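Single-letter residue listing:
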Amino acid sequence: MTLPAGLASIGDSAFFECTGLGSITIPDGVARLGASAFQGCSALIGISIPESVAEIGGACFEGCTELASVTIEDGATSGSIGYGAFENCTSLTEIAIPSRVVEIGAGLFQGCTSLTNATLPDGLIEIRENTFGNCTSLLTMVIPSGVMSIGDGAFQNATSLTSIIIPQRVTRIGYAAFMNCTSLTDIAIPGSVIEVGGGAFEACTELESVSLAEGLKTLGWSGFAGCTSLQAISIPASTVEIGSEIFDGCISLAEIEVDPENQSYLSHGGVLFDKEMGTLIRCPEGKGGDFDIPAGVTDILGKFRWWGFFGSGAFENCRLLTEVTIPEGVTQIGSFAFSGCASLPGISIPSSVESIGSNVFDGCRLLGAINVAEANSSYVSPEGVLFDQ
């Protein structure tokens, strides 16, 4: 189909689910392609969008499953592309968005499972949520230097993505932004980034190297959970908040380092503590052998209850630990604190301990005895079994 010259706009849903439409020519002079204008045109194989088009509406080409070629002409007319405009265009393999486009909507290429390469415009300042979500064939991505925010789920489930460079102006990496990017091997987060959102790199199973620059303030919950290849990480001095479950399932992580100038946290023997060293927050799951909890610690952190259990036990799933020494002075051992310590043969509870949470030793399959100090006024352990007084 060839549309007539002089046409100024293609309205919302104009060709919605015209499943027999195989090709269409849009004349120069058209300024707007409406929302859902070509949504569900499942036979459409290619489209050329002239320089005159200033707006491509939301869901404009969503579900055009045979659309393999898209050309957006560059020129002087600035433009925007709405939410999900090319969502689920499962035959689209590559696309270049020209520099005249200054804004792209959320979910723009979500579900484009054949997309291997996408070029974003230089003037872009934000990658919106789910922009490349479920783009399972996307190999690399160059984020324009002016981008300041990477939205929630922006690259979630981009399972073929092997490398990405975060530019120096980005201040926030959103929730689940790179979750389940299972081919990503390393990431450098620049000093401009203030916040890494919850689950941002969760389940990036090949991620071996993470660089966190000075300037980072917040690491969200589960930010690197399930990164099974991650071996070490260093927390910068600027970080003031580390979310719960941040390193859960990081079975190769043997050491958590903290910059000595950090005012909120410190590391001792590769284990994470609060700055005062009163609370033992997290032992990395890949740490093995013996560990002596230092004097002065009063609280061994556990999960917290809120419509179920959340957070992490301090030694939860540290399956390689063979001995943990708890010093006199510890008063609280939190829920699930030692659960999953599959190699731990025994544990001694000092007299100072006043509170032991639930499920503390779940999954400690080699644990033969729990020995409570005779002077403890809260617990006893006849024949190595734990009872309250």
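Here goes a summary of the coordinates provided. (Residues numbered from 1 in each chain as written. Predicted model: local features only at pLDDT ≥ 70, side-chain atom pairs only at ≥ 80, totals over all residues. Heavy atoms only, no water.)

### Structural notes on the overall build of the protein chain
In step 1: From N to C terminus, the protein chain includes zero helices and 35 strands.
In step 2: The C-alpha radius of gyration computed for the protein chain amounts to 27 Å, which surpasses the reference 21 Å derived for 389 residues by more than 25%, pointing to a less compact arrangement than a globule.
In step 3: Counting only C-alpha atoms, the protein chain reaches 95 × 40 × 30 Å along its principal axes.
In step 4: A sequence separation of at least 24 residues applies to 32% of the contacts in the protein chain between residues at least 6 apart.
In step 5: Summing over all exposed atoms, the protein chain offers an accessible surface of approximately 15,600 Å²; the carbon and sulfur share of this is 51%.
In step 6: Averaging the coordinates of the 13 positive side-chain charges in the protein chain and doing the same for the 43 negative ones gives two points 2 Å apart. (Helix = DSSP H or I, 4+ residues; strand = E, 2+ residues; numbered from the N terminus. Rg over C-alpha atoms; globule rule 2.2 N^0.38 Å. Contact = heavy atoms within 4.5 Å. Areas by Shrake-Rupley, 256 points an atom, 1.4 Å probe, with all protein chains shown as cover. Lys, Arg positive; Asp, Glu negative; His and termini not counted. Charge placed at Lys NZ, Arg CZ, Asp CG, Glu CD.)

### Things to note about the sheet that holds strand 23 (residues 271-274)
In step 1: The strand order across the open sheet formed by six strands is 22-23-24-26-30-32, and the pairing between neighbours is mixed. If you trace the sheet from one side to the other, it starts and ends with strand 22 (265-268) and strand 32 (355-356), each paired once.
In step 2: Sheet analysis places strand 30 (residues 332-333) next to strand 32, joined by two bridges and oriented parallel. Among the inter-strand pairings, isoleucine 333 is bridged to a residue of strand 32, identified as isoleucine 356. (Pairing = 2+ DSSP bridges.)

### Overview of the sheet that holds strand 1 (residues 9-10)
In step 1: Pairing is parallel in the open sheet, where five strands are placed in the order 1-2-4-6-8. Only two strands of the sheet have a single partner each, and these edge strands are strand 1 and strand 8 (101-104).

### Details of the nonpolar core
In step 1: Counting 85 residues, the largest nonpolar core has Phe61, Phe155 and Phe201 as the members making the most contacts within it.
In step 2: In this structure phenylalanine 201 touches Ile173, Phe178, Leu184, Ile187, Ile189, Val196, Leu207, Gly223, Phe224, Ala225 and Cys227, once residues within four positions along its chain are discounted. (Core = buried A, V, L, I, M, F, W, Y, C linked by side-chain atoms within 4.5 Å. Buried < 20%, exposed > 50% of the residue type's maximum accessible area, 1.4 Å probe, protein only.)

### Brief notes about the pattern of salt bridges
In step 1: Per the counting criterion, the structure on display carries ten salt bridges.
In step 2: Glutamate 103 is the salt-bridge partner of arginine 128, the closest N and O atoms lying 3.9 Å from each other. Placement of arginine 128 in the loop between strand 10 (126-127) and strand 11 (140-142) and of glutamate 103 in strand 8 is noted, with a sequence separation of 25 residues between them.
In step 3: One network of salt bridges, with partners in common, ties together Glu103, Glu126, Arg128 and Glu129. (Salt bridge = Lys/Arg side-chain N within 4 Å of Asp/Glu carboxyl O.)

### A few points about the environment of alanine 373
In step 1: Mapping alanine 373 onto the fold places it in the loop between strand 33 (369-372) and strand 34 (379-380).
In step 2: A relative accessible area of 28% places alanine 373 in the partly exposed class.
In step 3: For the pair alanine 373 and serine 351, spaced 22 residues apart in sequence, the C-alpha to C-alpha distance is 5.2 Å.
In step 4: What alanine 373 contacts, discounting residues up to four positions off in sequence, is Ile349, Pro350 and Ser351.

### Considering the side chain of serine 312
In step 1: Considering the arrangement of structural elements, one finds serine 312 in the loop between strand 28 (309-310) and strand 29 (321-325).
In step 2: For serine 312, the side chain forms a polar contact with the main-chain nitrogen of glutamate 245, separated by 3.4 Å.
In step 3: Here aspartate 248 takes part through its side chain, which lies 2.6 Å from a polar atom of the side chain of serine 312.
In step 4: Excluding residues within four positions of it along the chain, serine 312 makes contact with Glu245, Asp248, Arg282, Leu301, Gly302 and Lys303. (Polar contact = N/O pair within 3.5 Å; in protein donor to acceptor, adjacent residues only side chain to side chain.)

### Structural notes on unusual backbone geometry
In step 1: Positive phi is not limited to glycine here, since serine 222 has a value of about 60°.
In step 2: Here serine 222 is to be found in the loop between strand 18 (218-219) and strand 19 (232-235).
In step 3: Overall, serine 222 belongs to the buried group, its relative accessible area being 5%.
In step 4: For asparagine 317, which is not a glycine, the phi torsion comes out positive at approximately 65°.

### Here's the deal with the packing of aromatic side chains
In step 1: Taken as a whole and assessed by the stated rule, the structure comprises 14 aromatic pairs.
In step 2: Relative to phenylalanine 201, the ring of phenylalanine 178 has its centre 5.2 Å away and its plane inclined at 5°; by these criteria the two rings are stacked. Here phenylalanine 178 is found in the loop between strand 14 (172-173) and strand 15 (186-189), whereas its partner phenylalanine 201 is found in the loop between strand 16 (195-196) and strand 17 (209-212), with 23 residues between them in sequence.
In step 3: A residue is classified by how much of its surface remains accessible, and phenylalanine 178, at 0% relative accessible area, is buried.
In step 4: Judged by centre distance (5.8 Å) and plane angle (20°), the ring pair of phenylalanine 338 and phenylalanine 361 falls under stacked. Of the two residues, phenylalanine 338 is situated in the loop between strand 30 and strand 31 (346-349) and phenylalanine 361 in the loop between strand 32 and strand 33; the sequence distance between them amounts to 23 residues. Across the pair, phenylalanine 361 and phenylalanine 338 agree in class, each one buried.
In step 5: Of the aromatic side chains, those joined through ring pairs into one cluster are Phe15, Phe38, Phe61, Phe86, Phe109, Phe132, Phe155, Phe178, Phe201, Phe224 and Phe247.
In step 6: The ring of phenylalanine 336 carries the charged tip of lysine 303 above its face, separated from the ring centre by 5.5 Å. (Phe/Tyr/Trp six-rings, centres within 6.5 Å; stacked < 30°, edge-to-face > 60°. Lys NZ or Arg CZ within 6 Å of the ring centre and 35° of its normal.)

### Brief notes about the side chain of arginine 100
In step 1: Note on placement: arginine 100 falls in the loop between strand 7 (94-96) and strand 8.
In step 2: Buried within the structure, arginine 100 lacks any salt-bridge partner; its nearest side chain of opposite charge belongs to aspartate 74, at an N-O separation of 4.7 Å.
In step 3: Among the polar contacts made by the side chain of arginine 100, one reaches the main-chain carbonyl oxygen of valine 53 at a distance of 2.7 Å.
In step 4: Not counting the four nearest positions on each side in its chain, arginine 100 is found in contact with Pro50, Glu51, Val53, Ile72, Glu73, Asp74, Gly75, Thr77, Ser78 and Gly79.

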